[in-house]
Every structure is written in structure tokens, then in C-alpha cells.
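Residue-level structure breakdown
Read off the chains here:
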Amino acid sequence: MNDANPPALSIRGLHKTFGRKVSVDHVDLEVPRGSFFGLVGPNGAGKTTLLSMAVGLLRPDAGTAAVLGTDVWSDGLRAKTHLGVLPDGLAMPEFLTGREVLTFLGRLRGLDPALVDARAQELLEVMDLLGAEQTLVVDYSTGMRKKIGLATTLLHNPEVLVLDEPFEAVDPVSALTLKRILTRFVSLGGSVVLSSHVMALVEQLCDTVAVMSDGVVVARGPVAQVRGETTLEETFVTLVGAGTGTVEGLSWLGT
Amino acid sequence: MVGDLIGLKLALTRNSITGSRAVWAWTGASVGVVLAAGAVVLAGWPLRPASLVPDLLAIAYLTWLIGWVVGPVMSPAPPLRPAHLAMLPIPRHRLALGLLVAGFVGLATAVTALLFTSLIVYAARLGVVPALLAVPLAALQVSLLVLVSRVAHVAFGRLARARAGAALNGIVLAVVLVLSQSGWMLLVGLLSSGVLEEGFPDGFSSALRWVPSGWALAAVEAAAAGAWATVVLVVAAMLALAAVLLVLWGTSLGEARGARAVVRGSVARATPRRAPFDRPVGAIVGKELRTWWRDPARSAALSAPLAWGVLTAVLPLTFGAVELLPWAGTLIAIMAASWLANMYSFDGTGIWLTLQTSTERVDVRARQSAYLLVYGPIALLVTIAFTAASGLGWAWPWALAAVTAAVGGGAGLVAYSSAFMPAPGPDVHERAENPAEGTEEIGSSFLVFFAALVPPLPGLGVVYLGTLRDSMALQWAGVLVGILVGALLAWGLGRLAAARLQRTAPELLLLMRSGRPASSTDTGDEELELTTWETTLMTVSWTLGILAVIPQGLLTMLFKLTGNDDVRVWFLAMYLPEPWGWLTSIGMVLLGAYLIWIASRVLKRAAARRTPQASAPERERTR
């Protein structure tokens, strides 16, 4: 590893078992600085587990993870100041409003109150959440939860974003805004890692991709290289293996 | 369809009631059978005056009604939920009827049916016609209770969505606790009021018959008196009530099932742009206080200890004893600690933000501060008000020494047990049917309750010494000791908790996420595999042990010390002449301690038997 220009996210041998099931099997992964990195895989492939371990939310059985060269587990505080994380399906401070959540997190991160206030206003505007000023997060819809989560991710202006299923349940208009924000963020030198099962989205946004299946990375590299002559979707199905069911199986359907 | 639903319900019940829950279910059923059988015997007993028999029966019926109403509220959701069948194309009224009939199949209904045979027994004493009438009426009355229970379950769940309703739930829970722990005080009041010699006052007797639980009894009595118009009226009322309840319940089945209604979901005005606290600790305290104000589950956590402490202290007034009043605030503080023994479960997976911002230490301290800010003033104010109201001048240093230590100690204990014995709770937005629904794991609450009794002891000891030496200064020094002990415990235990959370926050998150501990080594509270025999042994020795130590042991000592030698009720030691009374009290404490030791040994043995592989979680929860 080159210390002068360390990778945005460096994963070395991360491993996790739950009971007898190996969820993530000694995975190595390197996300170069300034890249838009897509992690794809079917349900239960271990994407969430891998990303959780990489950002310090889940203790690995083995292996290390570093953000911009700083180890997430031994020097968490420093690593996490560079890091914006959107986990999938975790609770927020549910009984606060969107603005209160942002203000609260700004204070937790020790940011200047005036700065937090300005950024919160802008983030709520961009995420189209200003109309829900009086709604508590607990009563947000799934899409709104995602958006407030994304806002908290961006609040402290991190250099690396790790987003677990960021576009799930987000409406097309907000999704478009978000895509623009993320693309601009990368063009300015930031790095994004996102997981998804929407291949078209990954193909459209990401420059680099890794395919996970059954806890291991089965393919990685620039999007063009991984998909080859076909689409990413077809490559994906070939890599992780298509289901055994055939359309002919449900001959009675629709008759 | 009804047959299928019954089969489904039995299967679900079999799968959900296992281990210790099965023991509880069967214990409860056995106690219920004994009580119901007692009512049947009572119905045939020639008591003097004669009016006492139906009045006592009516009280029993009313008690059962209350049990049917609050029982389902306190227990986890019923096994057969309407939501499971929501997408089936069955007309709503048929589904309601089918679910109702399936709801009848169960231990509780069987016990209730047994109870209402007492109505038939009593009616038989009144004549042949009332007896014949009593048979269908008893069946109708049982159906009414079940229906009331169903509707109450829905209503309470809906109430809990609003803060006030959740607070009410907490109070109901507290009332049940108080009645089960000190219901005997009502008995003492009853005995000393002379009711058993003269019968109940007329107003009370007729009130008992106005409550729906007494309607069948009223009809039977009217039949015996030949007042047929009344009989028709009462029976019609029962049928009408049943119909109304059935319709109400049927309507509730048709709602968007499983979806959480937005009721609490707003704040009065837009959020101010500036928060009053700039530093992390202030930010968390601010968030906590807002959450205390807005979260229904926390409203219940606030109202329940308050109601419990106040009621426990007030109940002895039924026989004119004011000695418990000064302790109300202390009792609130102790129950509050017990209620908050798992404070992180209120937030579910929300702990991830603490992890991401590396604010574990600050978080523990801030939550402690919020705890003190919420419960401290309440406990102190109640202590001051109730001590003043009791008129017991000597009680001031005692009450203040106890309450300060209990509040401070509580702040330490909740942090400690939350960090060292965490149990998973549902995420707030997943508490679909009852937003006040919390964790089912109550082991640590139980432990904290008893641990919270300890901090006041040093201060009280000094006050006691001051009383012996007749030194006012020494007595008030006891208050100082109480404050010191409280502060020390809050600081010290909080420090341990903060260090622990800093080490194990990822494991806490995993626990909340998966509902299971990460591995057998880093948390000590996972479920142990106990055989039925061990569970029974543990439950029995634990229950009897506590009964022996506290009411039969320590409480009788307290009675003797305070000169209340005339309180007897079920206290063995109070019936015996001295020195046997004292020896019995001490013996009870020792016996209880031995029983609790047996219970803990069962647990230890089970823990030693456990292998790490056997208890690993099956799988990660994937979404």
C-alpha cells in the first residue's frame, strides 16, 4: 500500500461466520480513491455483512479494513471522520424531526453550529424533506428514511461514502438528484461504495464493480471489463448462477 | 374454516409456549383453577349473612373481567393474529366469527367456564327455574368476557399509539402489579371494615351487578324473585353488548393490517434552527429528553413507576397506615431503574450512530443525565409531598436519605445493566401493533429491581444510628450519605458501563439487529436450555424464595420494628408469640435465601453445560 496515496477503502481478509454459516469468506477488496464502486450480489450474498465490517459496525472474525489508510477498528475515531455511512434498515433517532436529526448529528461530530445549520437547511432542501418539517422520523416512509439517512451521511462532508442500497424505495425524482450529487462528489475527488441489486443503476453510475456471491467476490474490475460483450445483468446471472426454475414450470398461471 | 383456525391456533400456541413460558402458563392455569373451584365451593357455602355469597361471587366475576381485559394487554401478541389472514378472500364477519371461536379454545376460557359453573351452583340454591336459566346465561357471560378481552386488546393497542394512551397502559400495568403484590392490603381493609359480619353496603352490591361481569348473576337473581321483565331486559342487554362488541371487533379486522397508523407523528411547530446544546453530551441529553417526551414506550416507562410507587404507598391507607407514604418517591425511583434496566432496547438498532461517531462514553453519561433529569424531580417531589401529607415528622431524614440514594443508584444501575446485560428490543418503526411494545426479556429488570433496593441502605443505616442516639445531626448526616452513595454509584457504575459500551458497541448493535447475542462469550444473558424439571424447580424456588425473603421475612421484621403487631393476614411470623415470631422472620429470610440460591445454582449448572456451538445464532437477518 502506498502511504502517500492510500486507497479510499481497503479490505483485507474480512471474514465472518454466523453459527455454521460463513457469511463473508476472507474477502479482499480495494476501492481506489476517486472511484465510484458498485458492490452487487443476490440476496444473502454477504454484501451488508461485508460493508458493516468495513465501516466498523460489525466486528469481523478476521481481517482488517482501512479508510484512507486509517484502520477502522484500531483507530476508529479518525477513520470515521472521513467516512459517511448509510446502513440498510437501521434505526435513526426516531423521535426527532429530520432537521433535529441533522442538528443532533452535527453536534455529535463536533461541527460548528452555524455550519451545521446551513448544511442542514441545504440538505433538507435537496432531499425534498422541507415539507415534512414537523414529521418525526418514525413516521417517515421508507423512501424518506433513506433520504434522511443520506443527508446524515453527507452532513460532515466526508471523503468516502459507503452506501448500502441507497436507492431502494427512493422516488425517481429524488433518485435523479441523488445520482447527480454522487456523480459530482466523485468528479471532485470523493469516493463512493454502494451496494445494490439493480444492475442498470450500477452500470449507469459506477466505474468499478465487484460481484459477490455466497460470501466471496467472484468478479471484480472496471464495469466494461466485468460485463464484457453483454450487459452487466447477464454477466451477473452467469456468475452467480441462474435459478433452476423455468418459466414453463407455472404452466397454469394466467390460463 | 373454524376448524382450520382452531387447528392453526393450537399449532401456533404449541410452538410459542415452550420452556419457561409453558411453566408460567400452566402455573397460571393451576392457580386459576384453584381460585375458580374456590368460587364454586363458595357458591354452595351457607355464609351469613346470605347476601355475602352473591356479592363475593360478583367480586370474583369482576376480577375475572379485569383479568380478561388487562391479561392480553400485558402478554405478547396473541398467537393467531388477524394480520396473518388479511390477504385471504374471506368476508370480514365470517373471519371475525371464526377467529372468535378459535379464540375460545384455550386454557383461560376453560378456567373461566369453570368459574361460571359457580353461577349455576348458586342458582340451584335459588330454585329449579333460575338454575335452568343459569346454564345458557353462564355460557353467554363467558362469551362476553372473551369478546370484551378481544376488543380491549385492539383498543389498548390503538391507545398506545398516542402518548397519553401509552401512559395509560403503563398505569394499568402498575395497578395490576400493585394488586398482585399488595392486594392483601385490601383484604386487611375489608376485614377491619366489618363487612364480613354485616354484608356489603347496598350501593356496593348493586354496583357490582351494573358492571357487565355481574349481569348474568343479576338475571338469575331476578328470575328467582320472579321479576321476569328484569330478566328479559338484562338478557337483552347482554345480547346487545355481545353484538356491539362483535361488530367493533370485526371492524378492527378490516383495517390496513400491520400498517402503523400515523398518530404521534408530528411536533407542534417547525424545529428551531438552533439547538440549545452545542456539545455532544448536551446534544444527546437534548435528544433523550425529546424522546422521553415523544416516545409512547417511554411515556409508559414514566407513568408505570409513578403509578406503582404512589399506589403501593397509598394502598395501606385502607387500614389507616400512613407509614408507607414517605417511601413513595423511593419506590418510584426503584421501579424506574427496573423499567429502564435495558435502556438501549428502547432505541433498537439506533446505536449504530453512536458507533459511527465514536461517542459511546458520552452517550452513557448523557443518558444517565437524562435519566436523572426525568426521574429525579418526580421522585423528589413525590417524596416531599407525601412525607408532608403523612404528617410523620420523624420520617424526613429517612425518606430523603432513601430517595437520593435510590435515584442516584438507579442512574448507575440502569447504565450498568444496559451495557452488561443488554436484551434486544424491536426497532421503533417495527413496533407495528403496539408502539409501547418493548423487550420480552425481563430478567435484568428483575435483577435491577432488587439491586436498586441496596443503595439506600448505607444512608438509612446512618439515619437509624442517629435515631438510636437521638442525634438529629447524625440523622441528617444520613441524608448526606444517601446523596454521596447515589452520586458515587451514578459516577462509578456509569464509568464501568461507558468502558463496556466502548468495547462492545458493535456486539450490542448486532444483538439489536439479529435479536440474538453475537456469541456466548461476550454477553451473558442469552437463553439457556433448561429442562422442564429445571425450569419448574427454578420458577418454584425463585417465587417461593422471594415470598419468603420479602413479605414473610423482611416485611414482618419491619412490622415488628414499627410496632404494627396487629397486622397478621398471611404473615406466619405475626401469628406466633415472641421470640418465635422473630425466629420465624429470620428463618424465613434464611429459607428464602436458600431457595434463591438453589434457583441460581440451576442456572449456573445450565450455563456450565452450554457449549459455544450450541448457542450460536443461526443466521444473519437479511432484508
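Look up a bit, the structure's there.
Residues numbered from 1 in each chain as written. Chains lettered and ligands numbered in written order. Predicted model: local features only at pLDDT ≥ 70, side-chain atom pairs only at ≥ 80, totals over all residues. Heavy atoms only, no water.

**Some thoughts on the overall build of chain A**
The line we're drawing: Numbering of helices and strands runs from the N terminus, with a helix taken as a DSSP run of H or I at least four residues long and a strand as a DSSP run of E at least two residues long. Only C-alpha atoms enter the radius of gyration, while the globule expectation follows 2.2 Å times N to the 0.38, with N the number of residues. A simple rule labels every residue: compare its accessible area, found with a 1.4 Å probe on the protein chains alone, to the largest value its type can have, and call it buried under 20%, exposed over 50%, or partly exposed in between. The contact criterion used throughout is that any non-hydrogen atoms of two residues lie within 4.5 Å. What sets the accessible areas is the Shrake-Rupley method with a 1.4 Å probe; for residues, cover comes only from the shown protein chains. We score Asp and Glu as negative and Lys and Arg as positive, and we do not count His or the chain ends. Think of each charge as sitting on NZ of Lys, CZ of Arg, CG of Asp or CD of Glu.
The helix and strand tally for chain A stands at nine helices and 10 strands. Rg of the C-alpha trace for chain A: 19 Å, near the compact-globule value of 18 Å for 255 residues, within the 12% margin. Across the 255 residues that make up chain A, the buried fraction comes to 57%. Relative to all contacts within chain A whose residues are 6 or more apart in sequence, the contacts with residues 24 or more apart total 66%. Accessible surface computed for chain A: about 10,600 Å², of which carbon and sulfur atoms make up 53%. Taking the 21 positively charged and 29 negatively charged side chains of chain A as two groups, their mean positions are separated by 4 Å.

**Comments concerning the environment of A:Glu165**
Tracing the backbone shows A:Glu165 in the loop between strand S7 (160-164) and helix H6 (172-187). With residues near it in sequence (within four places) discarded, A:Glu165 still touches A:Lys47, A:Asp88, A:Lys146, A:Ser195, A:Ser196 and A:His197.

**Considering the packing of helix H3 (residues 98-108) of chain A against helix H4 (residues 113-126) of chain A**
Residue and element names in this part refer to chain A. The following threshold applies: All axes are obtained by fitting lines to C-alpha atoms, using only the stretch in contact for helices, and the reported angles, taken between N-to-C directions, cover 0 to 180 degrees. The crossing is said to be left-handed when, going from far helix to near helix, the turn is anticlockwise and less than a right angle, and right-handed when the turn is clockwise. Following the grouping adopted for this structure description, the nonpolar residues are Ala, Val, Leu, Ile, Met, Phe, Trp, Tyr, Cys and Pro, the charged ones are Asp, Glu, Lys and Arg, and the polar ones are all others, Gly among them.
Contact pair H3 / H4: the axes reach a minimum separation of 9 Å and the direction vectors enclose 145°. The element H3 and its partner H4 pack so that their crossing is right-handed. Every residue of H4 that contacts H3 at Gly98, Arg99, Leu102, Thr103, Gly106 and Arg107 is listed here: Pro113, Val116, Asp117, Ala120, Gln121, Leu123 and Leu124. Classifying every residue of the contact of H3 with H4 by side-chain character gives six nonpolar, four polar and three charged.

**As for a nonpolar patch on the surface**
Residue and element names in this part refer to chain B. Just so we agree on the cut-off: Only residues above 30% relative accessible area that lack a salt bridge enter a patch, with like-charged residues linked at up to 9 Å and the nonpolar side chains Val, Leu, Ile, Met, Phe, Trp and Tyr linked at up to 5 Å. Any Lys or Arg side-chain nitrogen found within 4 Å of a carboxyl oxygen on Asp or Glu counts as a salt bridge.
Taken together, the side chains of Leu561, Leu572, Tyr575, Leu576, Trp580, Trp582, Leu583, Ile586 and Leu590 define a hydrophobic patch exposed on the protein surface, amounting to about 920 Å² of accessible area. Of all the elements in the fold, those that place two or more residues in the nonpolar patch are helix H22 (572-575) and helix H23 (580-609). Top element by residues in the nonpolar patch is H23. It accounts for five residues. Turning to its location among the elements, Trp582 is positioned in helix H23. Looking at Trp582, the relative accessible area reads 31%, which means it is partly exposed.

**Thoughts on the side chain of A:His156**
All names here are of chain A. The line we're drawing: Residues adjacent in sequence count toward polar contacts only when both atoms are side-chain atoms; beyond that, a polar contact is any pair of N or O atoms within 3.5 Å, and within protein one must be able to donate a hydrogen and the other to accept it.
As for its position among the elements, His156 is in the loop between helix H5 (142-154) and S7. Residue His156 is classed as buried on the basis of its relative accessible area of 10%. Polar side-chain contacts of His156 include one of 3.2 Å to the side chain of Arg109. With residues up to four places along the chain from it excluded, the contact list for His156 reads Lys80, Thr81, Leu83, Gly84, Arg109, Leu111 and Arg119.

**Examining the sheet that holds strand S9 (residues 208-213) of chain A**
All names here are of chain A. Just so we agree on the cut-off: Strand pairing is assigned whenever DSSP identifies at least 2 bridges connecting the two strands.
Judged by pairing direction, the sheet is mixed, and its six strands sit side by side in the order S6-S7-S8-S3-S9-S10 without closing on themselves. In the strand order of this sheet, the two ends are held by strand S6 (83-86) and strand S10 (216-222), each with one partner. Pairs of neighbouring strands in the sheet enclose a mean axial angle of 15°, with direction left out of account. Note that strand S3 (residues 36-40) and S9 share four bridges and pair parallel. From the neighbouring strand, Phe37 faces S9, where its bridge partner is Thr208. Where H5 meets the sheet, its contacts fall on S6 and S7, and the angle it forms with S6 comes to roughly 170°.

**Some details on the environment of A:Asn5**
Residue and element names in this part refer to chain A. Among the structural elements, Asn5 can be located in the segment before strand S1 (9-18). Assessed through its relative accessible area of 48%, Asn5 is described here as partly exposed. For the pair Asn5 and Pro32, spaced 27 residues apart in sequence, the C-alpha separation works out to 9.3 Å. In terms of polar contacts, Asn5 uses its side chain to reach the side chain of Arg33, at 3.4 Å.

**A few points about the pattern of salt bridges**
Scanning the entire structure with this criterion turns up 20 salt bridges over all chains. Two residues, A:Glu94 and A:Arg145, come together in a salt bridge whose shortest N-O distance is 2.5 Å. In this pair, A:Glu94 sits in the loop between S6 and H3 while A:Arg145 sits in helix H5, placing the two residues 51 residues apart along the sequence. Exposure class is identical for A:Glu94 and A:Arg145. Each is buried. The residue B:Asp55 makes a salt bridge to B:Arg209 at a minimum N-O spacing of 3.1 Å. Of this pair, B:Asp55 sits in helix H3 (residues 52-74) while B:Arg209 sits in helix H9 (residues 202-210), and the two are 154 residues apart along the sequence. Residues B:Asp55 and B:Arg209 agree in their burial class; the two are buried. Taken together, the salt bridges that share partners define one network made up of B:Lys287, B:Glu288, B:Arg298, B:Asp347, B:Asp363 and B:Arg367.

**Considerations on the pairing of S10(A)**
Residues and elements named next belong to chain A. Alignment of S9 against S10, held across six bridges, turns out to be antiparallel. Each bridged residue has a counterpart across the sheet, and for Val209 the counterpart in S10 is Gly221. Between S9 and S10, which pair antiparallel in sequence order, lie two residues; one of them, Asp214, sits at a positive phi of approximately 50°.

**Overview of helix H5 (residues 107-126) of chain B**
Residue and element names in this part refer to chain B. Selection criterion: To estimate how far a helix should reach, multiply one less than its number of residues by 1.5 Å. The arc in question is traced by the directions running from the helix axis to the C-beta atoms.
In a regular helix each residue adds 1.5 Å, so 20 residues correspond to 28 Å; H5 covers 30 Å between its end C-alpha atoms and thus fits that length. Taken together, the buried positions of H5 are Thr109, Val111, Thr112, Leu115, Phe116, Ser118, Leu119, Tyr122 and Ala123. One side of H5 carries all its buried residues, which in axial view fall inside an arc of 170°.

**A word on the pairing of S6(A)**
Regular strands have side chains that alternate between both faces of the sheet. Residue and element names in this part refer to chain A. Of the two faces of S6, the one holding Leu83 and Val85 and the one holding Gly84 and Leu86 are both buried throughout. Direction of pairing for S6 relative to S7: parallel, over a ladder of four bridges. Bridged to Leu83 within S7 is Val160.

**Considering the environment of A:Val192**
Residue and element names in this part refer to chain A. On the secondary structure map, Val192 appears in strand S8 (residues 191-196). The exposure class of Val192 is buried, given its relative accessible area of 0%. For the pair formed by Val192 and Leu9, sequence separation is 183 residues and the distance between their alpha carbons is 9.5 Å. In contact with Val192, other than residues within four places in its own chain, are Ser35, Phe36, Phe37, Leu161, Leu163, Leu182, Phe185 and Val186.

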